[in-house]
Amino acid sequence: MLQVQKVHTLTGHRDCVYCLQRGEQANDFFSGAGDGMIVCWNLQNPDEGELIAKLPNSVYALHYLKDQNLLVAGHNYEGIHVLNWKERKELISLQLSKAAIFDIQSFGNNLFIASGDGTVSVVDIQNWSIIKKISNSEKSARTLAINIVQGELAVGYSDNYIRIF
């Protein structure tokens, strides 16, 4: 039988936490919540979260670009925000749709972004431009998984289907 023991309670958000993402170091991670706040936490000092950004809407997706040390945040109605999280500065904002952003993944120089209008946008990370949009459902694209061996992208939709591209 699996036993679970509570180690820490991390407080600071004023609404539901929707996403967690690994950070730069093994002890670091980011959280995004319904209050629009993005917070960096360090498990060695869990009582002191560091506010990275305050966005105008709920943050549903975060993705850390390790090679560039950037954090990409997706939220309601405005697309993605590329953040220099150490300096707490927004570098780029890219509107993809008016729908919520539910997941962000990367492979090579491409960022894959799942949104509430059923679209998966592919963005070139080098120049932050939209390469293409994939629309195969009228229901939300909720989650993404990349198979780097086969070169495939799996997309889970709210219509209860998983489509492989």
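In case you missed it, the structure is sitting above this.
Residues numbered from 1 in each chain as written. Predicted model: local features only at pLDDT ≥ 70, side-chain atom pairs only at ≥ 80, totals over all residues. Heavy atoms only, no water.

Chemist: Would you explain the sheet that holds strand β12 (residues 129-135) in this entry?
Modeler: Whether parallel or antiparallel, the strands of a sheet pair through hydrogen bonds between backbone atoms. Pairing is antiparallel in the open sheet, where four strands are placed in the order β9-β10-β11-β12. Lying at the two open borders of the sheet, with one neighbouring strand each, are β9 (101-107) and β12. Neighbour-to-neighbour, the strand axes of the sheet open up by a mean angle of 20 degrees, direction not taken into account. Here six bridges tie strand β11 (residues 119-124) to β12, and the two strands are oriented antiparallel to one another. Among the inter-strand pairings, Ser121 is bridged to a residue of β12, identified as Lys133. (Pairing = 2+ DSSP bridges. Helix = DSSP H or I, 4+ residues; strand = E, 2+ residues; numbered from the N terminus. Axes fitted to C-alpha atoms, helices over the stretch in contact; angles between N-to-C directions.)

Chemist: Can you walk me through the pairing of strand β7 (residues 79-84) in this structure?
Modeler: Along any regular strand, the residues point their side chains to alternate faces of the sheet. Extensive coverage of β7 is indicated by the burial of six of its six residues. Sheet topology places strand β6 (residues 70-75) next to β7; five bridges connect them, and they run antiparallel. Along β7, the bridge assignment pairs Ala73 with His81. Bridging between β7 and strand β8 (residues 89-94) involves five bridges; their strand directions are antiparallel. (Buried < 20%, exposed > 50% of the residue type's maximum accessible area, 1.4 Å probe, protein only.)

Chemist: So what exactly am I meant to see when it comes to the side chain of Ser31 here?
Modeler: Among the secondary structure elements, Ser31 is positioned in strand β2 (residues 28-33). Under the relative-accessibility criterion, Ser31 is labelled buried at 2%. In terms of polar contacts, Ser31 uses its side chain to reach the side chain of Trp41, at 2.8 Å. When residues no more than four places from it in sequence are discounted, the contact partners of Ser31 are His13, Val17, Cys19, Leu20, Met37, Ile38, Val39, Trp41 and Leu62. (Polar contact = N/O pair within 3.5 Å; in protein donor to acceptor, adjacent residues only side chain to side chain. Contact = heavy atoms within 4.5 Å.)

Chemist: In this structure, what is going on with the sheet that holds strand β14 (residues 152-157)? I would like to understand it.
Modeler: Sheet architecture is open: three strands sit in the order β13-β14-β15, paired in antiparallel fashion. Only two strands of the sheet have a single partner each, and these edge strands are β13 (141-147) and β15 (162-164). Sheet twist, expressed as the average angle between the axes of neighbouring strands with direction ignored, equals 20 degrees.

Chemist: How do you make sense of the nonpolar core when you look at a structure like this?
Modeler: One recurring pattern in soluble globular proteins: nonpolar side chains tend to sit buried together. The biggest cluster of nonpolar side chains holds 15 residues, and the ones touching the most others in it are Val72, Ile80, Ile104, Leu111, Ile113 and Trp128. Of all the elements in the fold, those that place two or more residues in this core are β5 (59-65), β6, β7, β9 and β10 (110-115). Excluding residues that lie within four positions of it along the chain, Leu111 makes contacts with His63, Leu65, Val72, Ile80, Ile104, Gln105, Ser106, Ser121, Val122, Val123, Ile125 and Trp128. Residues Phe30, Ile52, Ala53 and Tyr64 belong to the second largest nonpolar core, which totals 14 residues. (Core = buried A, V, L, I, M, F, W, Y, C linked by side-chain atoms within 4.5 Å.)

Chemist: Could you clarify how one ought to interpret the pattern of salt bridges in this entry?
Modeler: Any two side chains of opposite charge can pair, given that their charged atoms come close. Scanning all chains against the criterion turns up four salt bridges. For Arg163, the salt bridge is made with Asp159, and the minimal N-O distance between the two is 2.8 Å. (Salt bridge = Lys/Arg side-chain N within 4 Å of Asp/Glu carboxyl O.)

Chemist: Can you help me understand the environment of Val39 in this one?
Modeler: By secondary structure assignment, the location of Val39 is in strand β3 (residues 37-42). Linking Val39 and Ile101, residues 62 residues apart in sequence, is a C-alpha distance of 18 Å. If we ignore the near neighbours within four places in the chain, the residues touching Val39 are His13, Phe29, Phe30, Ser31, Gly49, Glu50, Leu51 and Ile52.

Chemist: Sorry if this is basic, but what is going on with the packing of aromatic side chains here?
Modeler: The description of an aromatic ring pair rests on the distance of the ring centres and on the angle between the ring planes. With the rule as written, the count across this model stands at four aromatic pairs. Consider the rings of Phe30 and Tyr64, whose centres lie 6.0 Å apart with planes at 40 degrees: the pair is tilted. With Phe30 in strand β2 and Tyr64 in strand β5, this residue pair connects regions lying 34 residues apart in the sequence. Judged on exposure class, the residue Phe30 and its partner Tyr64 are both buried. Ring geometry for Tyr60 versus Phe102: centroids 5.6 Å apart, planes at 20 degrees, classification stacked. Taken together, the residues Tyr60 in strand β5 and Phe102 in strand β9 connect sequence positions 42 residues apart. (Phe/Tyr/Trp six-rings, centres within 6.5 Å; stacked < 30°, edge-to-face > 60°.)

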